[in-house]
Amino acid sequence: MSRSVAVVGAGAFGVRHLAAYRSLGVPVRALVEPDAPTRERVAAEYAVPYTYASVADLLAAGRPDAASVCVPGPAHRAVAVDLLDAGVPVLVEKPLAATVDDAAAIVVAAERTGVLCQPGHILRHSAPHRALYEAVRAGRLGDVLAVSSRRDRPRTLSRLFPREHPALLTAVHDIDLALWYAGAPVVEVRAVTRTRPGPASPVLVWAELRHANDVVSSIRNSYLLPEHATNHTSDLVEVYGTDGVAHVDLGHPTLLVQGEPTEAPDWLLSPADGGGALAAELRHFLGQVAGTEPAAVVPLADGLHVVRVAEAVVDSATAGGAVRRIPPSPPHVTGASADVST
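Residues numbered from 1 in each chain as written. Predicted model: local features only at pLDDT ≥ 70, side-chain atom pairs only at ≥ 80, totals over all residues. Heavy atoms only, no water.

## What to know about the overall build of the protein chain
Just so we agree on the cut-off: Numbering of helices and strands runs from the N terminus, with a helix taken as a DSSP run of H or I at least four residues long and a strand as a DSSP run of E at least two residues long. The reference for a compact globule is 2.2 Å times residues^0.38; the radius of gyration itself is calculated from the C-alpha atoms. Note on classification: 1.4 Å probe, protein chains only; a residue is buried when its accessible area is under 20% of the maximum for its type, exposed when over 50%, partly exposed between these limits.
A tally of regular secondary structure across the protein chain gives 10 helices and 13 strands. Since a compact globule built from 342 residues should have a radius of gyration of about 20 Å, the 20 Å found for the protein chain is in line with a globular shape. Taken over the C-alpha atoms alone, the protein chain extends approximately 55 × 55 × 45 Å along its principal axes. Here the protein chain, with 342 residues, has 52% of them falling under the buried criterion.

## Looking at helix H5 (residues 100–113)
Defined as follows: Expected helix span is computed as 1.5 Å times (number of residues minus one). Only heavy atoms matter for contacts: two residues are in contact if any of them lie within 4.5 Å across the pair.
Compared with the 20 Å implied by 1.5 Å per residue over 14 residues, the 20 Å span of H5 between its first and last C-alpha is a close match. Taken as a whole, H5 has its buried residues at Val100, Asp102, Ala103, Ala104, Ala105, Ile106, Val107, Ala109 and Ala110. Those residues of H5 hidden inside the fold are in contact with helix H4 (76–85), strand S6 (117–120) and helix H10 (300–318). Phi turns positive, to about 70°, at Gly114, one or two residues after H5.

## Comments concerning the environment of Arg325
The cut-off we apply is this: Definition of a polar contact: a pair of N or O atoms within 3.5 Å, with one able to donate and the other able to accept a hydrogen when the atoms are protein atoms, and with sequence-neighbouring residues admitted only if both atoms are side-chain atoms.
Here Arg325 is to be found in strand S13 (residues 324–325). A relative accessible area of 40% means that Arg325 is categorised as partly exposed. Taking C-alpha positions, Arg325 is 17 Å from Asp302, a pair spaced 23 residues apart along the chain. Among the polar contacts listed, one links the side chain of Arg325 to the side chain of Glu188, at a separation of 3.4 Å.

## As for unusual backbone geometry
Cis geometry is found at the peptide bond from Lys94 to Pro95, where omega equals -15°. With phi around 55°, Ala47 is a residue other than glycine that occupies positive phi space. Here Ala47 is to be found in the loop between helix H2 (36–45) and strand S3 (50–52). In this structure, Asp214 is a non-glycine residue whose phi angle is positive, near 75°. Looking at where Asp214 falls in the secondary structure, it is placed in the loop between strand S9 (204–211) and strand S10 (216–225).

## Some remarks on the pairing of S6
When a strand is regular, its side chains alternate between the sheet's two faces. This is how it is decided: For two strands to count as paired, DSSP must find a minimum of two bridges between them. When the strands point away from the viewer, a crossover counts as right-handed if the route from the first strand across the helix to the second turns clockwise.
On S6, burial covers both faces: Cys117 and Pro119 on one face and Gln118 and Gly120 on the other are all buried. Two elements, strand S5 (residues 90–93) and S6, share 4 bridges in a ladder whose sense is parallel. Each bridged residue has a counterpart across the sheet, and for Glu93 the counterpart in S6 is Gly120. As a crossover connection, the stretch from S5 through H5 into S6 is right-handed.

## Describing the sheet that holds S6
Put simply, the rule is: Working convention: axes come from line fits to C-alpha atoms, limited for helices to the stretch in contact. Angles between N-to-C directions cover 0 to 180 degrees.
With parallel pairing, 6 strands are arranged side by side in an open sheet as S3-S2-S1-S4-S5-S6. One side of each edge strand has no neighbouring strand; the edge strands of this open sheet are S3 and S6. When strand polarity is set aside, the average angle formed by the axes of neighbouring strands in this sheet is 20°. Bridge count for strand S1 (residues 5–8) against strand S2 (residues 28–32) is 4 bridges, and the pairing is parallel. Counterpart to Val7 in the pairing with S2 is Leu31. Against the sheet, helix H1 (residues 12–23) contacts S1, S2, strand S4 (66–69) and S5, and its axis sits at roughly 160° relative to S1. The strands touched by H4 are S1, S4, S5 and S6; relative to S5, the strand with the most contacts, the crossing angle is about 175°.

What follows is the structure, encoded as C-alpha coordinates:
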(Lines give C-alpha, C1' and ligand atoms only; values in the text may rest on other atoms or scores of the structure.)
Protein backbone atom coordinates (compact mmCIF):
# COMPACT_ATOMS: atom_id res chain seq x y z
CA MET A 1 0.00 0.00 0.00
CA SER A 2 1.12 3.57 -0.64
CA ARG A 3 2.65 5.44 2.27
CA SER A 4 1.27 8.88 1.42
CA VAL A 5 -2.11 9.34 -0.23
CA ALA A 6 -3.73 12.66 -1.13
CA VAL A 7 -7.34 13.44 -1.99
CA VAL A 8 -7.93 16.44 -4.24
CA GLY A 9 -11.42 17.85 -3.77
CA ALA A 10 -13.54 17.78 -0.60
CA GLY A 11 -16.96 17.63 -2.22
CA ALA A 12 -19.37 14.71 -1.97
CA PHE A 13 -17.14 12.25 -3.79
CA GLY A 14 -13.93 13.46 -2.18
CA VAL A 15 -15.54 12.66 1.19
CA ARG A 16 -16.51 9.21 -0.10
CA HIS A 17 -12.90 8.59 -1.10
CA LEU A 18 -11.73 9.62 2.35
CA ALA A 19 -14.20 7.18 3.94
CA ALA A 20 -13.18 4.39 1.54
CA TYR A 21 -9.46 4.86 2.22
CA ARG A 22 -10.21 4.77 5.94
CA SER A 23 -12.14 1.50 5.51
CA LEU A 24 -9.03 0.04 3.88
CA GLY A 25 -6.80 1.19 6.72
CA VAL A 26 -4.95 3.56 4.39
CA PRO A 27 -4.28 6.95 6.02
CA VAL A 28 -4.84 10.00 3.82
CA ARG A 29 -2.01 12.38 4.58
CA ALA A 30 -3.15 15.39 2.55
CA LEU A 31 -6.39 17.03 1.45
CA VAL A 32 -6.52 19.69 -1.28
CA GLU A 33 -9.59 21.95 -1.34
CA PRO A 34 -9.73 25.67 -2.25
CA ASP A 35 -12.63 26.46 0.10
CA ALA A 36 -11.02 26.95 3.51
CA PRO A 37 -14.02 26.18 5.78
CA THR A 38 -14.81 23.00 3.84
CA ARG A 39 -11.15 22.01 3.82
CA GLU A 40 -10.72 22.35 7.56
CA ARG A 41 -14.05 20.76 8.45
CA VAL A 42 -13.51 17.67 6.28
CA ALA A 43 -9.86 17.33 7.33
CA ALA A 44 -10.88 17.39 11.00
CA GLU A 45 -13.64 14.81 10.45
CA TYR A 46 -11.28 12.36 8.70
CA ALA A 47 -8.12 13.18 10.67
CA VAL A 48 -6.15 14.37 7.64
CA PRO A 49 -2.98 15.99 9.02
CA TYR A 50 -2.07 18.28 6.11
CA THR A 51 -4.33 20.51 4.04
CA TYR A 52 -3.65 22.70 1.02
CA ALA A 53 -5.59 25.19 -1.06
CA SER A 54 -4.09 24.03 -4.37
CA VAL A 55 -2.21 21.19 -6.04
CA ALA A 56 0.76 23.54 -6.41
CA ASP A 57 0.87 23.98 -2.62
CA LEU A 58 0.60 20.20 -2.15
CA LEU A 59 3.51 19.50 -4.50
CA ALA A 60 5.63 22.27 -2.99
CA ALA A 61 5.31 20.57 0.40
CA GLY A 62 6.30 17.14 -0.92
CA ARG A 63 5.06 14.71 -3.54
CA PRO A 64 2.46 12.15 -2.37
CA ASP A 65 2.74 8.52 -3.46
CA ALA A 66 -0.75 8.56 -5.01
CA ALA A 67 -3.78 10.83 -5.33
CA SER A 68 -7.51 10.65 -5.92
CA VAL A 69 -8.77 13.42 -8.21
CA CYS A 70 -12.30 14.28 -7.06
CA VAL A 71 -12.71 17.82 -8.38
CA PRO A 72 -15.48 18.80 -10.84
CA GLY A 73 -15.05 17.43 -14.36
CA PRO A 74 -13.94 20.67 -16.05
CA ALA A 75 -10.97 20.84 -13.63
CA HIS A 76 -9.80 17.25 -14.19
CA ARG A 77 -7.31 18.12 -16.93
CA ALA A 78 -5.39 20.77 -15.00
CA VAL A 79 -5.26 18.77 -11.77
CA ALA A 80 -4.44 15.39 -13.32
CA VAL A 81 -1.77 16.74 -15.69
CA ASP A 82 -0.03 18.68 -12.90
CA LEU A 83 0.06 15.56 -10.71
CA LEU A 84 1.20 13.28 -13.54
CA ASP A 85 3.94 15.73 -14.52
CA ALA A 86 5.11 15.63 -10.90
CA GLY A 87 5.24 11.83 -11.01
CA VAL A 88 2.15 11.20 -8.87
CA PRO A 89 -0.07 8.22 -9.86
CA VAL A 90 -3.71 9.33 -10.02
CA LEU A 91 -7.18 7.87 -9.91
CA VAL A 92 -9.40 10.34 -11.79
CA GLU A 93 -13.09 10.17 -10.92
CA LYS A 94 -15.47 9.63 -13.82
CA PRO A 95 -15.62 10.96 -16.42
CA LEU A 96 -11.91 11.14 -17.21
CA ALA A 97 -12.58 14.72 -18.33
CA ALA A 98 -15.45 16.96 -19.41
CA THR A 99 -14.32 17.10 -23.06
CA VAL A 100 -12.51 14.79 -25.47
CA ASP A 101 -9.66 17.28 -25.83
CA ASP A 102 -9.16 17.40 -22.06
CA ALA A 103 -9.32 13.61 -21.76
CA ALA A 104 -6.81 13.21 -24.60
CA ALA A 105 -4.46 15.67 -22.87
CA ILE A 106 -4.57 13.55 -19.70
CA VAL A 107 -3.77 10.42 -21.73
CA VAL A 108 -0.87 12.22 -23.41
CA ALA A 109 0.50 13.30 -20.00
CA ALA A 110 0.27 9.74 -18.67
CA GLU A 111 2.02 8.33 -21.75
CA ARG A 112 4.69 11.05 -21.73
CA THR A 113 5.54 10.58 -18.05
CA GLY A 114 4.93 6.84 -17.80
CA VAL A 115 2.90 7.49 -14.62
CA LEU A 116 -0.25 5.52 -13.77
CA CYS A 117 -3.60 7.18 -14.49
CA GLN A 118 -6.66 5.10 -13.61
CA PRO A 119 -10.13 6.23 -14.75
CA GLY A 120 -12.61 5.99 -11.87
CA HIS A 121 -15.35 3.82 -13.36
CA ILE A 122 -16.69 2.35 -10.14
CA LEU A 123 -19.20 -0.13 -11.59
CA ARG A 124 -16.39 -2.33 -12.94
CA HIS A 125 -15.57 -2.92 -9.27
CA SER A 126 -19.16 -3.60 -8.17
CA ALA A 127 -19.57 -7.26 -7.21
CA PRO A 128 -22.79 -7.96 -9.19
CA HIS A 129 -21.64 -6.04 -12.28
CA ARG A 130 -18.31 -7.84 -12.19
CA ALA A 131 -20.04 -11.22 -11.80
CA LEU A 132 -22.11 -10.44 -14.88
CA TYR A 133 -18.95 -9.49 -16.77
CA GLU A 134 -17.27 -12.76 -15.78
CA ALA A 135 -20.35 -14.74 -16.92
CA VAL A 136 -20.26 -12.94 -20.27
CA ARG A 137 -16.52 -13.49 -20.75
CA ALA A 138 -16.89 -17.17 -19.81
CA GLY A 139 -19.35 -17.58 -22.68
CA ARG A 140 -22.33 -18.50 -20.50
CA LEU A 141 -24.61 -16.30 -22.64
CA GLY A 142 -23.05 -17.32 -25.95
CA ASP A 143 -22.15 -14.44 -28.25
CA VAL A 144 -23.29 -11.07 -26.95
CA LEU A 145 -25.96 -9.51 -29.17
CA ALA A 146 -27.07 -6.47 -27.18
CA VAL A 147 -26.71 -4.53 -23.94
CA SER A 148 -29.50 -2.44 -22.42
CA SER A 149 -29.31 -0.13 -19.41
CA ARG A 150 -31.63 2.19 -17.50
CA ARG A 151 -30.69 4.74 -14.83
CA ASP A 152 -33.35 6.90 -13.12
CA ARG A 153 -32.53 9.72 -10.73
CA PRO A 154 -34.52 12.43 -8.87
CA ARG A 155 -35.00 15.90 -10.34
CA THR A 156 -32.54 17.05 -7.67
CA LEU A 157 -29.68 16.39 -10.08
CA SER A 158 -30.92 19.11 -12.43
CA ARG A 159 -30.62 21.56 -9.54
CA LEU A 160 -27.29 20.29 -8.24
CA PHE A 161 -25.63 20.05 -11.67
CA PRO A 162 -27.44 22.67 -13.78
CA ARG A 163 -24.73 22.97 -16.44
CA GLU A 164 -23.68 19.31 -16.74
CA HIS A 165 -25.23 17.23 -19.49
CA PRO A 166 -26.52 13.85 -18.25
CA ALA A 167 -24.45 12.12 -20.94
CA LEU A 168 -21.30 13.32 -19.16
CA LEU A 169 -22.66 12.84 -15.63
CA THR A 170 -24.77 9.73 -15.08
CA ALA A 171 -24.80 8.12 -18.56
CA VAL A 172 -21.03 7.76 -18.39
CA HIS A 173 -21.62 4.71 -16.19
CA ASP A 174 -23.85 3.08 -18.79
CA ILE A 175 -21.54 3.88 -21.70
CA ASP A 176 -18.70 2.24 -19.80
CA LEU A 177 -20.79 -0.83 -18.97
CA ALA A 178 -21.82 -1.13 -22.63
CA LEU A 179 -18.17 -0.94 -23.69
CA TRP A 180 -17.20 -3.52 -21.06
CA TYR A 181 -19.92 -6.07 -21.74
CA ALA A 182 -19.87 -5.71 -25.53
CA GLY A 183 -16.10 -6.17 -25.57
CA ALA A 184 -15.61 -3.71 -28.43
CA PRO A 185 -15.45 0.07 -28.93
CA VAL A 186 -18.46 2.08 -30.05
CA VAL A 187 -18.39 3.14 -33.70
CA GLU A 188 -21.82 4.73 -34.15
CA VAL A 189 -24.14 6.78 -31.94
CA ARG A 190 -27.71 8.01 -32.31
CA ALA A 191 -29.30 9.92 -29.42
CA VAL A 192 -32.22 12.14 -28.45
CA THR A 193 -32.86 14.21 -25.34
CA ARG A 194 -35.95 15.72 -23.76
CA THR A 195 -36.38 18.62 -21.36
CA ARG A 196 -38.99 19.82 -18.89
CA PRO A 197 -39.82 23.35 -17.74
CA GLY A 198 -37.11 24.81 -15.55
CA PRO A 199 -33.83 22.90 -15.99
CA ALA A 200 -31.39 24.20 -18.59
CA SER A 201 -29.97 20.75 -19.31
CA PRO A 202 -31.92 17.72 -20.59
CA VAL A 203 -33.71 15.53 -18.08
CA LEU A 204 -33.99 12.49 -20.37
CA VAL A 205 -31.31 10.95 -22.59
CA TRP A 206 -32.05 8.04 -24.92
CA ALA A 207 -29.11 6.70 -26.91
CA GLU A 208 -28.49 3.79 -29.24
CA LEU A 209 -24.92 2.63 -29.77
CA ARG A 210 -23.38 0.25 -32.29
CA HIS A 211 -20.09 -1.42 -31.43
CA ALA A 212 -17.28 -2.47 -33.75
CA ASN A 213 -18.37 -6.12 -33.38
CA ASP A 214 -21.99 -5.21 -34.27
CA VAL A 215 -23.28 -5.52 -30.69
CA VAL A 216 -25.97 -2.89 -30.12
CA SER A 217 -26.47 -1.03 -26.84
CA SER A 218 -29.40 1.02 -25.58
CA ILE A 219 -28.96 3.63 -22.83
CA ARG A 220 -31.73 5.47 -21.01
CA ASN A 221 -31.06 8.05 -18.29
CA SER A 222 -33.62 10.28 -16.60
CA TYR A 223 -33.80 12.96 -13.91
CA LEU A 224 -37.57 12.66 -13.58
CA LEU A 225 -38.20 11.08 -10.18
CA PRO A 226 -39.82 13.49 -7.68
CA GLU A 227 -37.47 16.01 -6.10
CA HIS A 228 -37.64 14.38 -2.68
CA ALA A 229 -37.75 10.78 -3.85
CA THR A 230 -35.49 8.39 -1.99
CA ASN A 231 -32.25 8.52 -3.97
CA HIS A 232 -31.39 4.85 -3.97
CA THR A 233 -29.63 3.20 -6.91
CA SER A 234 -32.56 2.57 -9.26
CA ASP A 235 -30.62 0.98 -12.11
CA LEU A 236 -30.91 -1.97 -14.48
CA VAL A 237 -28.45 -3.41 -16.98
CA GLU A 238 -29.25 -6.39 -19.23
CA VAL A 239 -27.06 -8.43 -21.54
CA TYR A 240 -28.61 -10.45 -24.35
CA GLY A 241 -26.65 -13.33 -25.87
CA THR A 242 -27.24 -16.10 -28.38
CA ASP A 243 -27.58 -18.61 -25.52
CA GLY A 244 -29.24 -16.58 -22.78
CA VAL A 245 -30.05 -13.33 -21.02
CA ALA A 246 -28.68 -11.91 -17.75
CA HIS A 247 -29.19 -8.73 -15.77
CA VAL A 248 -28.17 -6.74 -12.71
CA ASP A 249 -31.20 -5.02 -11.17
CA LEU A 250 -30.56 -2.44 -8.45
CA GLY A 251 -34.11 -1.11 -8.49
CA HIS A 252 -34.84 -2.60 -5.07
CA PRO A 253 -32.76 -1.13 -2.23
CA THR A 254 -31.00 -3.47 0.17
CA LEU A 255 -32.20 -1.36 3.09
CA LEU A 256 -35.35 0.79 3.06
CA VAL A 257 -36.29 2.82 6.15
CA GLN A 258 -39.77 4.24 5.64
CA GLY A 259 -39.72 6.90 8.28
CA GLU A 260 -39.27 10.69 8.40
CA PRO A 261 -37.46 11.04 6.12
CA THR A 262 -37.60 7.84 4.09
CA GLU A 263 -34.08 6.54 3.53
CA ALA A 264 -32.55 3.94 1.23
CA PRO A 265 -28.76 3.98 1.74
CA ASP A 266 -26.38 3.05 -1.06
CA TRP A 267 -25.24 -0.26 0.39
CA LEU A 268 -23.42 -1.43 -2.72
CA LEU A 269 -21.27 1.21 -4.35
CA SER A 270 -20.15 3.65 -1.67
CA PRO A 271 -21.83 2.97 1.69
CA ALA A 272 -21.39 5.29 4.64
CA ASP A 273 -18.76 3.06 6.24
CA GLY A 274 -16.53 3.50 3.18
CA GLY A 275 -16.68 -0.08 1.93
CA GLY A 276 -18.39 -1.40 -1.17
CA ALA A 277 -17.30 -0.97 -4.77
CA LEU A 278 -15.46 2.30 -4.13
CA ALA A 279 -13.18 0.62 -1.60
CA ALA A 280 -12.58 -2.21 -4.09
CA GLU A 281 -11.70 0.36 -6.74
CA LEU A 282 -9.23 2.14 -4.45
CA ARG A 283 -7.71 -1.18 -3.36
CA HIS A 284 -7.11 -2.01 -7.04
CA PHE A 285 -5.65 1.49 -7.64
CA LEU A 286 -3.20 1.13 -4.76
CA GLY A 287 -2.31 -2.35 -5.99
CA GLN A 288 -1.55 -0.87 -9.40
CA VAL A 289 0.63 1.79 -7.77
CA ALA A 290 2.49 -0.88 -5.78
CA GLY A 291 2.83 -3.16 -8.82
CA THR A 292 0.94 -6.05 -7.21
CA GLU A 293 -1.98 -5.79 -9.67
CA PRO A 294 -0.49 -5.47 -13.16
CA ALA A 295 -3.77 -5.80 -15.11
CA ALA A 296 -5.89 -2.65 -15.25
CA VAL A 297 -9.61 -3.19 -14.68
CA VAL A 298 -10.26 0.10 -16.50
CA PRO A 299 -7.60 0.75 -19.17
CA LEU A 300 -6.87 4.45 -19.68
CA ALA A 301 -7.89 4.11 -23.34
CA ASP A 302 -11.37 3.04 -22.21
CA GLY A 303 -11.69 6.17 -20.08
CA LEU A 304 -10.91 8.31 -23.14
CA HIS A 305 -13.27 6.30 -25.37
CA VAL A 306 -16.16 6.72 -22.91
CA VAL A 307 -15.74 10.51 -23.11
CA ARG A 308 -15.68 10.29 -26.93
CA VAL A 309 -18.96 8.37 -26.89
CA ALA A 310 -20.58 10.72 -24.36
CA GLU A 311 -19.59 13.73 -26.46
CA ALA A 312 -21.05 12.02 -29.55
CA VAL A 313 -24.30 11.42 -27.63
CA VAL A 314 -24.54 15.14 -26.86
CA ASP A 315 -23.72 16.04 -30.47
CA SER A 316 -26.24 13.60 -31.94
CA ALA A 317 -29.02 14.76 -29.61
CA THR A 318 -28.26 18.41 -30.41
CA ALA A 319 -28.59 17.54 -34.10
CA GLY A 320 -32.02 15.94 -33.56
CA GLY A 321 -30.87 12.34 -33.47
CA ALA A 322 -28.47 12.42 -36.42
CA VAL A 323 -26.03 9.50 -36.58
CA ARG A 324 -22.56 10.27 -35.34
CA ARG A 325 -19.71 7.94 -36.20
CA ILE A 326 -16.67 7.57 -34.00
CA PRO A 327 -13.44 6.82 -35.90
CA PRO A 328 -11.08 4.27 -34.35
CA SER A 329 -8.68 5.82 -31.88
CA PRO A 330 -5.07 5.97 -33.10
CA PRO A 331 -2.63 3.53 -31.46
CA HIS A 332 -1.03 6.45 -29.63
CA VAL A 333 -3.00 9.58 -28.81
CA THR A 334 -1.21 12.62 -30.15
CA GLY A 335 -3.00 15.30 -28.19
CA ALA A 336 -5.67 16.20 -30.74
CA SER A 337 -8.96 14.36 -30.43
CA ALA A 338 -10.29 12.39 -33.38
CA ASP A 339 -13.20 14.28 -34.91
CA VAL A 340 -16.71 12.92 -34.52
CA SER A 341 -18.06 12.77 -38.06
CA THR A 342 -21.50 12.60 -39.55
